[in-house]
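Survey of secondary and tertiary structure
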Amino acid sequence: MVDAEEIHAQVRPFAKTIVAKVSSPASERRLKRIATSKIDQLEAQIYDSTRVANYEVTKYVYKKYRVSDPETFNKRITERLDTIKAALIQYTSALLACVLVALILWWLMRKQVNLQTPLFVFSLAFALLLLVTGSLLPVIEVDARIKSLEIVVMGSKVQFLNQVLFYQSKSVLGIVTTLIGQPKPDAVVVGVLIMLFVLILPLLRLIAKGIYVLSTKKIARHPVVRYLTFELEKWDMADVMVVGMVMTFIGLNGIIKSQLSMLNINSGGLKLITANGTSMQPGYFLFVAYVVFSILLSYILKKTSPSDDLK
């Protein structure tokens, strides 16, 4: 029914017709549109645009703080930080004032034996609060930044303000965790020693003092309780930590100040002004207050305890 030779003879002209049709300008334009659309679809699925991501993050932050431009955002953040710092200073001052009131009450009621135990228990609670807050709040803040950078480019001035070079804020507990997390064995050993002699032993001393005051004479005269209460203070290194933090602050402040002073430039089209914001934080003063208050509590306890209990 079909002549095969006739069909074979038509294959070559038919193929040429197809190639000519595909190679025509109209077909090429159509194939390009199809390929471009498919590539765009694939790009939308796998391409992560940094610009789009930054825009979305910026829009979310601006919406959260109810601002519409970078200048207002920086101003709002500065106001919030100032408010937080002021509140932290107020709470720190209030806590130190409570400690001072406790000492004044001790002095005024030192001859009333029936009030000595409640006063001492409240004083231990204040000492514990000072130890915990002084260990958790930042004790030192290292802040090195470019306050102002002005560059003249093609007659136009470009300015950058408040560019942070280095910032670090650490508490006593933060120092310990940082040291323990280091891969070096010597840093881990130092972190463990600080945790033991600066945090754990002071806590044990406070607990032992509470047991000594509130327990019966039999428990209070137990060798372990008496040792933790009156003898463990020789191993308490909280006062050494206070001195060490002061020395660290003096060293860091001097190094940062000298290094930043070398960056200050004021010549022609370049003006660079640096700022050193290194400072002691409220946590340090609370920790110092704990050390002083703990020494006074030990002195008071020795004075109010019978002499046979100390033997």
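Everything discussed here concerns the structure shown above.
Within every chain, residues take consecutive numbers counted from 1 along the sequence as written. The predicted origin of the model limits local features to residues at a pLDDT of at least 70 and limits the giving and counting of side-chain atom pairs to 80 or more, whereas totals for whole chains, interfaces and linings rest on all residues. The basis for every side-chain value is the complete set of heavy atoms in the structure, and neither hydrogens nor water enter the calculation.

**Let's talk about the overall build of the protein chain**
- Runs of H or I in DSSP of at least four residues are treated as helices and runs of E of at least two as strands, each being numbered from the N terminus. Along the protein chain, the regular secondary structure elements total eleven helices and five strands.
- Over its C-alpha trace the protein chain gives a radius of gyration of 36 Å, far above what one expects of a compact globule, namely 19 Å for 311 residues.
- Along the first, second and third principal axes, the C-alpha atoms of the protein chain reach 130 × 70 × 40 Å.
- Only protein chains enter the accessibility calculation, which uses a 1.4 Å probe; a residue whose area is less than 20% of its type maximum is buried, one above 50% is exposed, and one in between is partly exposed. Per-residue burial for the protein chain yields a buried fraction of 27% across its 311 residues.
- The contacts in the protein chain between residues at least 6 apart in sequence include a share of 68% that link residues at least 24 apart.
- Total accessible area on the protein chain stands at roughly 21,400 Å², and carbon and sulfur atoms take up 66% of it. To get the radius of gyration, use the C-alpha atoms; to get the globule rule, take the number of residues to the power 0.38 and multiply by 2.2 Å. It only takes one pair of heavy atoms within 4.5 Å for two residues to be counted as in contact. Throughout, the Shrake-Rupley method with a 1.4 Å probe supplies accessible areas, and for residues the shown protein chains are the sole cover considered.

**Observations regarding the pattern of salt bridges**
- Should a side-chain nitrogen of Lys or Arg be within 4 Å of a carboxyl oxygen of Asp or Glu, the pair is scored as a salt bridge. One pass over the structure, following the stated rule, counts one salt bridge.
- Between Asp143 and Arg145 there is a salt bridge, with the nearest N and O atoms lying 2.9 Å from each other. Side by side, Asp143 and Arg145 carry an identical accessibility label, which is buried.

**A closer look at the nonpolar core**
- As used in this record, nonpolar core signifies buried Ala, Val, Leu, Ile, Met, Phe, Trp, Tyr and Cys residues forming a set joined through side-chain atoms within 4.5 Å. In this structure, Leu130, Val172, Phe287 and Tyr290 are the most contacted members of the largest nonpolar core, which totals 37 residues.
- For this core, the secondary-structure elements that each account for two or more residues are helix 4 (70–108), helix 5 (116–136), strand 1 (138–153), helix 6 (172–180), helix 7 (185–214), helix 9 (223–231), helix 10 (238–261) and helix 11 (282–304).
- Among the elements that line this core, the one with the most residues is helix 11, at ten residues.
- Sequence-distant contacts of Val172, that is, excluding residues within four places in its chain, are made with Gly134, Ser135, Val139, Val198, Leu199, Met241, Met245 and Phe287.

**With respect to the side chain of Ser294**
- When you line up the elements, Ser294 lands in helix 11.
- When sequence neighbours within four positions are dropped, the list of residues in contact with Ser294 reads Arg205 and Lys209.

**Some remarks on the environment of Leu173**
- Inspection of the secondary structure puts Leu173 in helix 6.
- What Leu173 contacts, discounting residues up to four positions off in sequence, is Ser135, Leu136 and Leu199.

**With respect to a nonpolar patch on the surface**
- Taken together, Leu128, Val132, Leu136, Leu173, Leu196, Ile200, Leu203, Leu204, Ile207, Ile211 and Ile219 make up a surface patch of nonpolar side chains, about 840 Å² in accessible area.
- Counting only elements with at least two residues in the nonpolar patch, the list comes to helix 5 and helix 7.
- Counting residues per element, the nonpolar patch draws most heavily on helix 7, which supplies six residues.
- Relative to the elements of secondary structure, Leu204 occurs in helix 7. Patches here: salt-bridge-free residues with over 30% relative accessible area, like charges joined within 9 Å, nonpolar side chains (Val, Leu, Ile, Met, Phe, Trp, Tyr) joined within 5 Å.

**A short note on the packing of helix 7 against helix 9**
- Only the stretch in contact is used when fitting a helix axis, every axis being a line fitted to C-alpha atoms; angles between N-to-C directions are given from 0 to 180 degrees. At their nearest, the axes of helix 7 and helix 9 sit 8 Å apart, and the two run at 120 degrees to each other. On the basis of their axis angle, the class for helix 7 and helix 9 is oblique. For the element pair helix 7 and helix 9, the recorded crossing hand is left-handed. Residues Arg205, Ala208, Lys209, Ile211 and Tyr212 of helix 7 form the contact with helix 9, whose participating residues are Val225, Leu228, Thr229 and Phe230.
- Residues are grouped as follows: Ala, Val, Leu, Ile, Met, Phe, Trp, Tyr, Cys and Pro are nonpolar; Asp, Glu, Lys and Arg are charged; every other residue, Gly included, is polar. Counted by class, the contact of helix 7 with helix 9 contains six nonpolar, one polar and two charged residues. By the definition adopted for this analysis, an angle is roughly parallel if under 35 degrees, roughly antiparallel if over 145, roughly perpendicular if from 65 to 115, and oblique otherwise. Crossings are assigned a handedness: left-handed for a near helix turned anticlockwise from the far helix by less than a right angle, right-handed for a clockwise turn.

**A closer look at the packing of aromatic side chains**
- Working definition: a ring pair exists when centres of Phe, Tyr or Trp rings (six-membered ring for Trp) sit within 6.5 Å. Plane angles under 30 degrees give stacked, over 60 give edge-to-face, the rest tilted. Tallied over the full model, the rule gives two aromatic pairs.
- Centroid distance Tyr284 to Phe285: 5.6 Å. Interplanar angle 75 degrees. Geometry classified as edge-to-face.
- Seen in terms of ring centroids, Phe287 and Tyr290 are 6.2 Å apart; in terms of plane orientation they differ by 50 degrees. Their pairing is tilted. Of the two residues, Phe287 and Tyr290 both sit in helix 11, three residues apart, roughly one turn of that helix. Take Phe287 and Tyr290: they sit in the same class, and that class is buried.

**Points about the side chain of Ser298**
- Relative to the elements of secondary structure, Ser298 occurs in helix 11.
- The class of Ser298 is buried, set by a relative accessible area of 7%.
- Pairs of N or O atoms are called polar contacts if they sit within 3.5 Å, as long as, within protein, a hydrogen donor faces a hydrogen acceptor (for residues adjacent in sequence, only side-chain-to-side-chain pairs). Of the polar contacts made by the side chain of Ser298, one reaches the side chain of Lys209; its length is 2.7 Å.
- Here Ser298 is in contact with Arg205, Lys209 and Glu233, once residues within four sequence places are set aside.

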